[in-house]
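One-letter residues, chain by chain:
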Amino acid sequence: MESTFDGTAETTTDEVTIEDVVEEVDVAVTDDGIVMTDVVASEIDIDGDGIADGVAITSTQIREIDVDGDGIPDIVETTKIVETAVDVDGDGVPDMGTRVVTEQVVMDLNGDGTPDTIEVTETTTVAYDTTGDGLPDVSETVVVEAAGIDLDGDGVLDHVEAAVADVVAVDLDGDGIPDAAVVAVEEFEIEK
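Described in the following lines is the structure provided in the data block. (Residues numbered from 1 in each chain as written. Predicted model: local features only at pLDDT ≥ 70, side-chain atom pairs only at ≥ 80, totals over all residues. Heavy atoms only, no water.)

### With respect to the pairing of strand β5 (residues 117-128)
By the bridge criterion, 12 bridges tie strand β4 (residues 96-107) to β5 in an arrangement that is antiparallel. Bridging across to β5, threonine 98 finds its partner in valine 126. Direction of pairing for β5 relative to strand β6 (residues 138-149): antiparallel, over a ladder of 12 bridges. Across the sheet, residue threonine 123 finds its bridge partner in β6, namely valine 143. (Pairing = 2+ DSSP bridges. Helix = DSSP H or I, 4+ residues; strand = E, 2+ residues; numbered from the N terminus.)

Next comes the structure, spelled out in structure tokens:
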């Protein structure tokens, strides 16, 4: 995970995929879905002195796809990105940056108003500049992936899979490239 720490921490986001769907559906999706984008910027005042110590930018994009043409979205894709940069010591160089990317895909293929499948991926990266050189020395990334499917159509997810990966990287020599990383992965599976 390489970064120049120019106000945001860099991270990679895993690709969200839709797995097996019980009902076989002919899907002829075009790119004419509704796209809504919202960007909000706000200041962060950690010490409460009335002077901004950082900035947070939140962008949200929603795409709705009507597969069967009934005017009701069958697939809703939501991507939300929250980026923050905080200068705790007031030297003009960000000491901490975070980037949170949340992607969610909800599919209602039988049109009953209840999601048949849901996929969520969230990637959170926090980077710290402990030496004041403008480069992150420590970064922590947590990736959460969850997927569920309603097999019998009762509105309750019958099968849920989730995985959590936690990566801590440390740049010991200050070159902006992690020298050591610790990775921990947990997986969960739930059947109704």
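Now that the structure is up, let's keep going.
### Some thoughts on a nonpolar patch on the surface
Together, Val39, Val55 and Ile57 make up a nonpolar patch on the protein surface, roughly 230 Å² of accessible area in all. Assessed through its relative accessible area of 55%, valine 39 is described here as exposed. (Patch = residues over 30% accessible without salt bridge, like charges linked within 9 Å, V, L, I, M, F, W, Y side chains within 5 Å. Areas by Shrake-Rupley, 256 points an atom, 1.4 Å probe, with all protein chains shown as cover. Salt bridge = Lys/Arg side-chain N within 4 Å of Asp/Glu carboxyl O. Buried < 20%, exposed > 50% of the residue type's maximum accessible area, 1.4 Å probe, protein only.)

### What to know about the environment of aspartate 108
Along the chain, aspartate 108 falls in the loop between β4 and β5. By relative accessible area, aspartate 108 is classed as buried at 11%. The spacing of aspartate 108 and aspartate 150 is 42 residues in sequence and 9.9 Å in space, taken between C-alpha atoms. Residue contacts for aspartate 108: discarding those within four places in its chain leaves Asp74, Gly113, Thr114, Pro115 and Asp116. (Contact = heavy atoms within 4.5 Å.)

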